[in-house]
Amino acid sequence: AQTVTQSQPEMSVQEAETVTLSCTYDTSESDYYLFWYKQPPSRQMILVIRQEAYKQQNATENRFSVNFQKAAKSFSLKISDSQLGDAAMYFCAYRSRGAQKLVFGQGTRLTINP
Amino acid sequence: DGGITQSPKYLFRKEGQNVTLSCEQNLNHDAMYWYRQDPGQGLRLIYYSQIVNDFQKGDIAEGYSVSREKKESFPLTVTSAQKNPTAFYLCASSIRTGSDYGYTFGSGTRLTVV
């Protein structure tokens, strides 16, 4: 079974600085998708960024980018120019192509210090 | 606006009672999911449905039941057999199973046993 591990339960960063959240996963599949979701205090889950495993180029969405290392099974999220609104729980998630479910990591709580 | 509506936002259950959580979507999505969120454990899949009148158990289905009589609706019943039902419950949908677009989530229901 696939598993997703987020080894940092909590992280903090100064406003306007850069922070990287770690995620590793375990799978025997070669074709899959990876996601980062944000859960602010409202508890609404919001998709931040997605990566297709067969694409070597790292995904980027404005201030959010990923470092996808397929051989190492690593999928970290970098947030540049951190803003107070970035404070949230961040979940890494995995899905095999054709699979029905997303597998989530335990989450990382990110605090932004003004 | 299209989206997923979960109700109620907060729900209190007495010991031995069954309660039903509502989930409605107007996104015309085929697949729907129920996840349970507990602190430090991420999200765990309870049930999912790919089409009307069909659903499958997820990783923690014991003590829960679902129905899918309409494409738009996927209610979750927490039965008295669920030993530890206090948790945050999230409903999600995707355009189809195996979609690489991730999920759209509702805003959740917080269930507390009193």
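A quick note: this is a predicted structure, and the numbers were derived from the prediction, not measured.

Q: A description of the side chain of Thr108 of chain A should follow, citing residues and the corresponding values.
A: All names here are of chain A. Tracing the backbone shows Thr108 in strand S12 (residues 108–113). Residue classification places Thr108 among the buried positions, given a relative accessible area of 0%. Polar contacts involving the side chain of Thr108 include one to the side chain of Gln6, which spans 3.4 Å. In this structure the side chain of Thr108 is engaged in a polar contact, spanning 2.6 Å, whose partner is the backbone oxygen of Gln8. Those residues in contact with Thr108, other than ones at most four positions away along the chain, are Gln6, Gln8, Pro9, Glu10, Met11, Leu21, Ala88, Met89 and Tyr90.

Q: Give a detailed account of a nonpolar patch on the surface, specifying residues and quantitative values.
A: A cluster of nonpolar side chains, Tyr10, Phe12 and Val114 of chain B, forms an exposed patch at the surface whose accessible area comes to about 370 Å². Given a relative accessible area of 54%, Tyr10 of chain B falls into the exposed group.

Q: Mind laying out the interface of chain B and chain A, listing which residues take part and the relevant values?
A: Counting residues at the interface gives 25 residues for chain B and 21 residues for chain A. Counting the surface lost from both chain B and chain A, the interface buries some 1,900 Å², and carbon and sulfur atoms represent 50% of this. At the junction of chain B with chain A, the criterion picks out nine residue pairs in polar contact (both at pLDDT 80 or more). Going through the elements one at a time, strand S4 (31–37), strand S5 (43–49) and strand S9 (87–94) of chain B are the ones with two or more residues in the side of chain B that touches chain A. For the side of chain B that touches chain A, the residue count by class is 10 nonpolar, 12 polar and three charged.

Q: Outline the nonpolar core, supporting the account with residue identities and numerical values.
A: Core analysis: the biggest nonpolar cluster contains 26 residues, and Tyr25, Trp36, Phe75, Leu77 and Tyr90 of chain A have the highest contact counts within it. Of all the secondary-structure elements, those providing two or more residues to this core are strand S3 (19–21), strand S5 (32–39), strand S6 (46–52), strand S8 (64–69), strand S9 (74–79), strand S10 (88–96) and S12 of chain A. Listed in part, the 20 residues of the second largest apolar core include Tyr33 and Ala93 of chain A together with Ala92 and Phe105 of chain B.

Q: Could you give me a rundown of the pattern of salt bridges, with the residues and numbers involved?
A: Residue and element names in this part refer to chain A. Tallying each qualifying case throughout the model produces nine salt bridges over all chains. Across the salt bridge formed by Lys73 and Asp26, the nearest N and O atoms sit 3.9 Å from each other. Of this pair, Lys73 sits in the loop between S8 and S9 while Asp26 sits in strand S4 (residues 24–26), and the two are 47 residues apart along the sequence. Take Lys73: its relative accessible area is 27%, and that puts it in the partly exposed class. Ionic pairing is found between Arg63 and Asp86, a salt bridge with its closest N-O pair at 2.8 Å. Of this pair, Arg63 sits in the loop between strand S7 (60–61) and S8 while Asp86 sits in the loop between S9 and S10; the two residues are 23 residues apart in sequence, bridging distant segments of the chain.

Q: Now, about the sheet that holds strand S7 (residues 64–66) of chain B: what can you tell me, with residues and values included?
A: Residue and element names in this part refer to chain B. Ordered by their spatial adjacency, four strands build an open sheet running S1-S3-S8-S7, and the pairing between neighbours is antiparallel. The open sheet terminates on both sides in strands that have one partner only, identified here as strand S1 (4–7) and S7. Ignoring strand direction, the axes of neighbouring strands in this sheet form an average angle of 20°.

What counts and how
- Residues numbered from 1 in each chain as written.
- Chains lettered and ligands numbered in written order.
- Predicted model: local features only at pLDDT ≥ 70, side-chain atom pairs only at ≥ 80, totals over all residues.
- Heavy atoms only, no water.
- Helix = DSSP H or I, 4+ residues; strand = E, 2+ residues; numbered from the N terminus.
- Buried < 20%, exposed > 50% of the residue type's maximum accessible area, 1.4 Å probe, protein only.
- Polar contact = N/O pair within 3.5 Å; in protein donor to acceptor, adjacent residues only side chain to side chain.
- Contact = heavy atoms within 4.5 Å.
- Patch = residues over 30% accessible without salt bridge, like charges linked within 9 Å, V, L, I, M, F, W, Y side chains within 5 Å.
- Areas by Shrake-Rupley, 256 points an atom, 1.4 Å probe, with all protein chains shown as cover.
- Salt bridge = Lys/Arg side-chain N within 4 Å of Asp/Glu carboxyl O.
- Buried area = accessible area lost by both parts, 1.4 Å probe.
- Nonpolar A, V, L, I, M, F, W, Y, C, P; charged D, E, K, R; others polar.
- Core = buried A, V, L, I, M, F, W, Y, C linked by side-chain atoms within 4.5 Å.
- Pairing = 2+ DSSP bridges.
- Axes fitted to C-alpha atoms, helices over the stretch in contact; angles between N-to-C directions.

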